[in-house]
Amino acid sequence: MNYREKDSNLAPIVLGISGGSCIELALHFIKRFPKDRMLYIVPTQNAALLCQAEKKQNLKNLINAIRTDNIAFYDSMTSPLASGSFYFESCIILPTSSNTLSSIANGLQSNLLTRIGAVCLKEKRNLVLGVREMPLSAILLENMAKLANLGVYVAPPIAGYYGGIYDLESLHDFLIGRYFDMLNMPHDLFVRWGVNKQ
């Protein structure tokens, strides 16, 4: 299907998972992702290692426990996602490690995920980077500024506590809702500023 000629709300989204801490946010993104839309999941080797360290479980098994419908895994440079002629609407990398961010900022394409970042830049597709690092070095800030000036959303997972946050689940909902906003995906995951909670 040529999604460019169809409703853009149906176009596939890429979720990259790199080796930054907070795999839980990627899992929550998958949990809240619409069931009627295709999600291409691209985990790096470091993401799998980090998941084992943080969750004591296999990353693909965790994802498959959340959902198996409308998702596909890719991890090879021979994947169709490595080509600009294969259409997806947007890519979010959550979490984004400092290594992945720096690679994309400097045109390095050593794995499928950084190649997809390069595709987003050259094809002018929406790219959202959920950077997980603190504090931020001057080098990382320079790379973030470089990407922001190219139209990339550089979006560390920072909470807005006006959004009805009262536990970990609502915190995750707020953060994923903000990422959905950047991906132009409708949702009702948090209370917006200036809107009275019902």
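Residues numbered from 1 in each chain as written. Predicted model: local features only at pLDDT ≥ 70, side-chain atom pairs only at ≥ 80, totals over all residues. Heavy atoms only, no water.

1. Topic: the nonpolar core
1) Next: Ile-17, Phe-29 and Leu-39 are the most contacted members of the largest nonpolar core, which totals 34 residues.
2) Next: Among the elements of the structure, strand E1 (13-17), helix H1 (23-32), strand E2 (39-43), helix H2 (45-55), helix H3 (59-66), strand E4 (90-96) and helix H7 (168-182) are those that each provide at least two residues to this core.
3) Next: Setting aside chain neighbours within four positions, we find Leu-39 in contact with Ile-13, Leu-15, Phe-29, Ile-30, Phe-33, Asn-70, Ile-71 and Ala-72.
4) Next: Within the second largest apolar cluster, 24 residues are counted, among which are Leu-81, Leu-101, Leu-112 and Leu-140. (Core = buried A, V, L, I, M, F, W, Y, C linked by side-chain atoms within 4.5 Å. Buried < 20%, exposed > 50% of the residue type's maximum accessible area, 1.4 Å probe, protein only. Helix = DSSP H or I, 4+ residues; strand = E, 2+ residues; numbered from the N terminus. Contact = heavy atoms within 4.5 Å.)

2. Examining the UniProt feature "domain: Flavoprotein" (unreviewed entry) in the chain
1) Next: Under the present numbering, the feature "domain: Flavoprotein" (unreviewed entry) in UniProt falls on residues 13-182.
2) Next: For residues 13-182, the helix share is 44%, the strand share is 16%, and the end-to-end C-alpha distance is 12 Å. (UniProt positions renumbered as here; feature names shortened; annotations may be inferred.)

3. Regarding the environment of Ile-23
1) Next: With respect to the secondary-structure elements, Ile-23 resides in helix H1.
2) Next: Overall, Ile-23 belongs to the buried group, its relative accessible area being 0%.
3) Next: Between the alpha carbons of Ile-23 and Pro-157 there is a distance of 12 Å; along the sequence they are 134 residues apart.
4) Next: Among residues more than four places away in sequence, those in contact with Ile-23 are Ile-17, Ser-18, Ala-47, Leu-50, Cys-51, Glu-54, Leu-59 and Pro-95.

4. Observations concerning the confidence of the model for the chain
1) Next: Of the residues in the chain, 94% reach a pLDDT of 70 or more, and the chain-wide mean stands at 92.
2) Next: Throughout residues 1-6 the model reports pLDDT below 50, and contacts reaching past four residues in sequence, or to other chains, amount to 7 contacts. (pLDDT = per-residue confidence, 0-100.)

5. Quick notes on H3
1) Next: Among all positions of H3, only Leu-59, Leu-62 and Ile-63 are buried. End-on view of H3: buried residues confined to an arc of 95°, all on one side of the axis. In H3, the exposed positions that point more than 90 degrees away from the buried face belong to Asn-61 and Ala-65.
2) Next: The inward-facing, buried residues of H3 abut E1, H1, E2, H2 and strand E3 (71-73). (Arc of directions from axis to C-beta.)

6. A look at the pairing of E4
Consecutive side chains along a regular strand alternate between the two faces of the sheet.
1) Next: Here E4 lies mainly inside the structure; 7 of its 7 residues are buried.
2) Next: Side-chain alternation along E4 places Ser-90, Ile-92, Leu-94 and Thr-96 on one buried face and Cys-91, Ile-93 and Pro-95 on a second face that is also buried.
3) Next: Strand direction decides the pairing type here: E1 and E4, joined by 4 bridges, are parallel. Of the residues in E4, the one forming a bridge with Ile-13 is Ser-90.
4) Next: In terms of strand pairing, E4 meets strand E5 (residues 126-131) through 5 bridges, oriented parallel. Among the inter-strand pairings, Thr-96 is bridged to a residue of E5, identified as Val-131. (Pairing = 2+ DSSP bridges.)

7. With respect to the packing of H1 against H2
When two helices pack together, you describe them by how their axes are tilted relative to each other and by the distance separating the axes.
1) Next: Running from N to C, H1 and H2 cross one another at 100°; their axes reach a closest spacing of 10 Å. Classified by the angle between their axes, H1 and H2 sit roughly perpendicular to one another. Residues Ile-23, Glu-24 and Leu-27 of H1 pack against Ala-47, Leu-50, Cys-51, Glu-54 and Lys-55 of H2.
2) Next: Tallied by class, the residues present in the contact of H1 with H2 amount to 5 nonpolar, no polar and 3 charged. (Axes fitted to C-alpha atoms, helices over the stretch in contact; angles between N-to-C directions. Parallel < 35°, antiparallel > 145°, perpendicular 65-115°, else oblique. Nonpolar A, V, L, I, M, F, W, Y, C, P; charged D, E, K, R; others polar.)

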